[in-house]
Structure formats: structure tokens, C-alpha cells
There are 2 protein chains.
Amino acid sequence: VRIAIDAMGGDAGPGVIVEGALDALRNGNRDLELVLVGDEEALRREIEIRDGTSLPVTLIHADEEVSMSASPTEAIRRKSSSIAVALSLHKEGKTQAFVSTGNTGAVVANSLLSLGRLRSVRRPAIATFLPTAAEGCVMLDVGANATVKAQNLVEFGRMGTVYARHILKRPNPRVGLLNIGEEESKGNEVAQEAYRLLTASSLNFVGNVEGRGIFHGDVDVVVCDGFVGNILLKFMESVLGMVKTLAKKQIARDKRARFGAFLLKPLFAGLAEQLNYEEYGGAPLLGVNGVCIICHGSSSPRAIRNAIRVASDFVRNGLTEEIDREAAGDTVVTE
Amino acid sequence: VRIAIDAMGGDAGPGVIVEGALDALRNGNRDLELVLVGDEEALRREIEIRDGTSLPVTLIHADEEVSMSASPTEAIRRKSSSIAVALSLHKEGKTQAFVSTGNTGAVVANSLLSLGRLRSVRRPAIATFLPTAAEGCVMLDVGANATVKAQNLVEFGRMGTVYARHILKRPNPRVGLLNIGEEESKGNEVAQEAYRLLTASSLNFVGNVEGRGIFHGDVDVVVCDGFVGNILLKFMESVLGMVKTLAKKQIARDKRARFGAFLLKPLFAGLAEQLNYEEYGGAPLLGVNGVCIICHGSSSPRAIRNAIRVASDFVRNGLTEEIDREAAGDTVVTE
């Protein structure tokens, strides 16, 4: 499996990405090969420092970075950006997957333009692992589509089902519709129509879900539009950060609490790990004609390594093809 | 100040509501009078147990409860429910405010029907206090409107400004639009149009906000539609519950952590209090022609007492009238 990696996007420079990539090679399957796209000189140095010169890494030079604030339209004009170059390798079949820590909007726009959509998918969606008190679930869309039609949510349910089956190992994934109540009549018009379409579909649809059901582990797949999904995801990250800030403030004030916090260090570390969705291998853009994994700009080497693992799982298991088949399933063509 | 309280709605029976009501009378202003609407016999007993017979409480009998699963349309048919009876007291001027722990949809529908909207408000909205790492903010709408127009979001900004000024004591409340990025061009069509309208308004609009900015304390008022707002609120409640569940599981496994957790008990209690938005006095339905405060069905006596305090603050400060004036402000009539 050959994977192209955009090595310009990380917030902390190419070192973290190289570190994750080399870890993946050292610990992954023997047939894994990586193509790093970025500032060739810098990448070479980072590889040498880490004694990685004998590993199967190819470097492709592209030192133009798409800034985190660039709009998608701006981004697709940059034909020589590391995102565009890495994607064209994938498009031309020189690699079988693409991983990026770059600007999400830029990655989505470039992927749609370069790879295109699968035949049976109208709206590709970004899927993300969501930690729960049980074993976690996948939520989509978390940012590719600010507005959706009800039929798109069914498509998201199909794509999420394939992800949950193969990546989360759930034999018969339960699909829930994110909504503001359990009854069919709840929510806005799109949610109400989606409820009907999901019920009529061949998916294992278990109804509307809210926060409690999701965190309790009632579903394996949560479908929502990319507006709600993205806002939720950022809330999740932030609320945990806030709890930490508040706890630190209180601990600083109290000696006994300081000692208690010291004793609980392993607990906090364990919790942080369990709740850090980045550690679960990036967020795949499902529904494009290829494998595209989007990582946080602040990804750790471990997150990069996990994203590479997920990308190669996608390739090895032919998940793109399976998503195409599954999405074609009982799609009602309404557009 | 006379306040009508629907005493049928609480999950734990009337005892909790009576407890909160008596606490409010014992600790509040001398001119406070409460009218409890519910099963008269049961209420009398609960008051006697708590030695409250000499306090200024009037009982009005109405033993029909609107179930938590009843739809709003079902709810407004029940003319003799405790919600409807308590609201009619308020409507007729026999009380100046209304507090309920009942089914939110039922309270909203009955309030709109009974009290009606303020002249300058098109869409009343439920506002809730949101704890942050700073001093907290108010978010609206969190459930009265599944769909909104851009102009409604401006109205929410105006109503939230009045709340933040008087209840949160912020002299010049900063208003943020909940969105998926900071730039004006982000989000769905409603969000984009709302950005323009908010910028043109006389509000202290500081732009789009995401989770991080909100919890960092960048804004005093967060506006959003009731679909996103309600989903977020339930996520917030649940994610903290999940962290607790996960922490408990880990603590149970580890002796050292058990001791650490014991030492941290006051910290956890403090955190829980800081993060429990119910403790901040219920969620007012802003924009109706009256004072209507909605509490969680699982409210504690303290939450009830705080809701009564907020209700009397609304009355004493003439906030309903101020909301009407503020909303009339520079409203662009587009419907």
C-alpha cells in the first residue's frame, strides 16, 4: 500500500508528521510505502535525524502551503500546493490514499475537484470517531456540507455503516439521526424527512438520538448535517479543555487537592487518551473516489501514525468500493 | 412580586418543588408571594412537613399533568393542566410570572397561546446560561424554534443582550453568532445572512464564535437556531456525565486513584456546581408577553429557588418591557 502524505499542513512543522510516518513504517505492515510531499530539504533532514533513511519513503517537493485561513476557492487555485500535488499522485494512481493535516476546507475542495465523487454518492462527508462511555461511534458529516437534503443524510448513514463495520468492527451498525427529541415528529423539516427515509431504508436505523443516547453507546453511527456536526465537534473539544482549565484553577488553590491530583495523574492521562478523538486515526472524507484522511493541524505523531493505519485499512479492505456499492443500495433518486 | 409555579412537572414529585419554593420565600425579598398549582392535598402536606404554613403561599388545585412525551399540540388541548392553569393566572394578571419544570414543548406552546408574543418579537426563544472558563454567557435559542430566519437571530441577539445586561450584569454585552468558522463567508445561508444583519445592527456584535471562543469567555451572548442550540445543550450535559462515568470506572480499578479521588472530592463538587447550568435559575422563554421560566424536570430545590429568583428579577427590573423596546430597536421588517 502506497500512501501520499501532505507534509506541509501540520501546525508544528514537518517534524511531527515525519515522526508519525516513520513510526507507521516501523510498526505497520511490510508492504507499506509512504510518499511525503513538502519541502524536500526539510523533510530529508527530519528523516535523517530520526535514522529513517533506509525506510520506504519517497520525497516529492512542493513547498507551497495553503494557509489555515484560505478559503476553499482560493485553495483550489493553488495547483502547486502540497495538498494539490499529493492529491494528484493519488488521482494518477501513484498512491492509493492521501493523508493531510492541512486546512479542512482546502482538502475537501481539492479532493472533490481532483478525485471526484463516487458514482452513487451525491455528497461526500467527513466522518469522525466520537468517544463514548461504551466503545465509541462514528459521526458524519462534521464539516463538508453546511446544508444537506434528507436524502444526503441517508447516504451518510450508508457510508457510516461501512466505516463502523470495518474500522469499528460492528457487525450490524446501528444508525441514529441526531435530533432534538426521540419522536419522529421532532426537529426541522430535513430531520423529519430523513427520519422517514431512514426508516424505509435497509439500514439498521434505530431512530433519533440526542447527547445522552450517543454517549451511552446506543448507536454506532450518528448522522447529521455538517453545520451541526462541526459545531458539536468543536464544542466537544472545547468543553473538555474548559473542564481542565477550571480543575487546574481549583487545584492551584488547594494543597490537599494538589496531592489528590498527583495521585490521579494516570487517571487523567487515561481519560484524555480515551476522549481524544484525534488519536483514533483522523477523519476520512467518505464518498470521494479515493481514500482521503483529514487530520487535525495539531496532530501528534501518534495521530498521524493512526491516520496512516486507517488509510491502509481502507485500501486493504477495499472500503471505497464497498462504500460505492452500499451507497448505491436502495438509494431513492430524488434529485 | 407574585409568581405562579406549576408544581406538577418535576420528575421527583411535588416535594422538590415545594422545598425550592419555601427556600425562595425564606431567603428572598419580603414582597415575594408564590402560587403553587398542582394537587392541592399533596402540596398542603409537603408544605406542612416543611413547616411552611405561615409563609405567603397560595394553592390552586389542578391535578392534570402534561406527560413529558406529549406533543405541543396535545398539550394545548389540555385546558385544565397545571401548566394551562398556572399560565392563565399569569395571563389574567393574578401573578406576574410563571415557573415550570414541565415538558418544554408544552410550556412553550401554552405560553405562546396564552401570553402571546411581545409586539416587536416575531420568534420567542429559550435562553440558557452556559458555564465557561470565564464568567459564563447566555445562549439562545435552545429549543423553541427548530428553524429560524436570519432576522430571528438578530432578535435573539437583542433579547439575549437584555438578559446579559441585567441577569449577568454585563454593561455592554458582546454578541456572537454560533458558526463553523470565524469568517463572514462561513456556514449555511441563514448564518451568512445573519452575520450581515448583525454587523449592520446596533448590537455589540463581535462576529462568529465556535466552541473555543465561547468557553474562553469571548462573548456574553451566543445566538443560534433552536435545533443546533438544543442539540448542543444536551451534548454538554451528556459529555460531562460521560467523563464522570469513565472516571468512576477507572477509579474503581485503582487504589491509589481511589485515595486521590477522595482528596479531590471538594474539587469535583465545585466543578459540578460551576458546570451545572441548572443552578443558574432555569431557562427563560424570552419574547412572550410575560415572564416564563422553564426548569429541567430533574431540577433540585436549589434550581427551583434560583428560577424563582430570576423570575422576580425579571419582574422587578421590568425586563419584559425592556426586551420589547430593545427588540423594536432597529429591527428591519422583512416579513
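A quick note: this is a predicted structure, and the numbers were derived from the prediction, not measured.

Chemist: So what's going on with the packing of helix H6 (residues 150–166) of chain A against helix H13 (residues 319–328) of chain A? Residues and values would help.
Modeler: Residues and elements named next belong to chain A. In contact at an axis separation of 9 Å, H6 and H13 are set at 140° when each is read in the N-to-C sense. The angle between the axes of H6 and H13 places the two elements in the oblique class. Handedness of the crossing formed by H6 with H13: right-handed. Between H6, through Arg158, Met159, Val162, Arg165 and His166, and H13, the contact on the second element is made entirely by Leu319, Glu322, Ile323, Glu326 and Ala327.

Chemist: Explain the state of the cysteines to me, and be specific about the residues and the numbers.
Modeler: Residue and element names in this part refer to chain A. If you walk through the whole model with that rule in mind, you get zero disulfides over all chains. Of the cysteine sulfurs around Cys295, a residue in no disulfide, the closest is that of Cys292, at 9.6 Å. Owing to a relative accessible area of 4%, Cys295 belongs among the buried residues under this scheme.

Chemist: Outline the interface of chain B and chain A, listing residues and values.
Modeler: Residue-level contacts link 54 residues of chain B with 54 residues of chain A. For the pair chain B and chain A, the summed buried area comes to about 4,800 Å², and 77% of that belongs to carbon and sulfur atoms. Sorting the residues of chain B by area buried against chain A places Ile180(B), Phe227(B) and Phe235(B) first, and these three jointly supply 14% of that buried surface. Connecting chain B to chain A are two salt bridges. The residue Lys234(B) makes a salt bridge to Glu210(A) at a minimum N-O spacing of 2.3 Å. Among the elements of the structure, helix H8 (211–216), helix H9 (226–252), helix H10 (255–263) and helix H11 (265–275) of chain B are those that each provide at least two residues to the side of chain B that touches chain A. With 20 residues, the top contributor of residues to the side of chain B that touches chain A is H9(B). A per-class count over the side of chain B that touches chain A returns 33 nonpolar, 15 polar and six charged.

Parameters and conventions
- Residues numbered from 1 in each chain as written.
- Chains lettered and ligands numbered in written order.
- Predicted model: local features only at pLDDT ≥ 70, side-chain atom pairs only at ≥ 80, totals over all residues.
- Heavy atoms only, no water.
- Axes fitted to C-alpha atoms, helices over the stretch in contact; angles between N-to-C directions.
- Helix = DSSP H or I, 4+ residues; strand = E, 2+ residues; numbered from the N terminus.
- Parallel < 35°, antiparallel > 145°, perpendicular 65-115°, else oblique.
- Left-handed = near helix turned anticlockwise from the far one by under 90°.
- Contact = heavy atoms within 4.5 Å.
- Disulfide = S-S within 2.5 Å.
- Buried < 20%, exposed > 50% of the residue type's maximum accessible area, 1.4 Å probe, protein only.
- Buried area = accessible area lost by both parts, 1.4 Å probe.
- Salt bridge = Lys/Arg side-chain N within 4 Å of Asp/Glu carboxyl O.
- Nonpolar A, V, L, I, M, F, W, Y, C, P; charged D, E, K, R; others polar.

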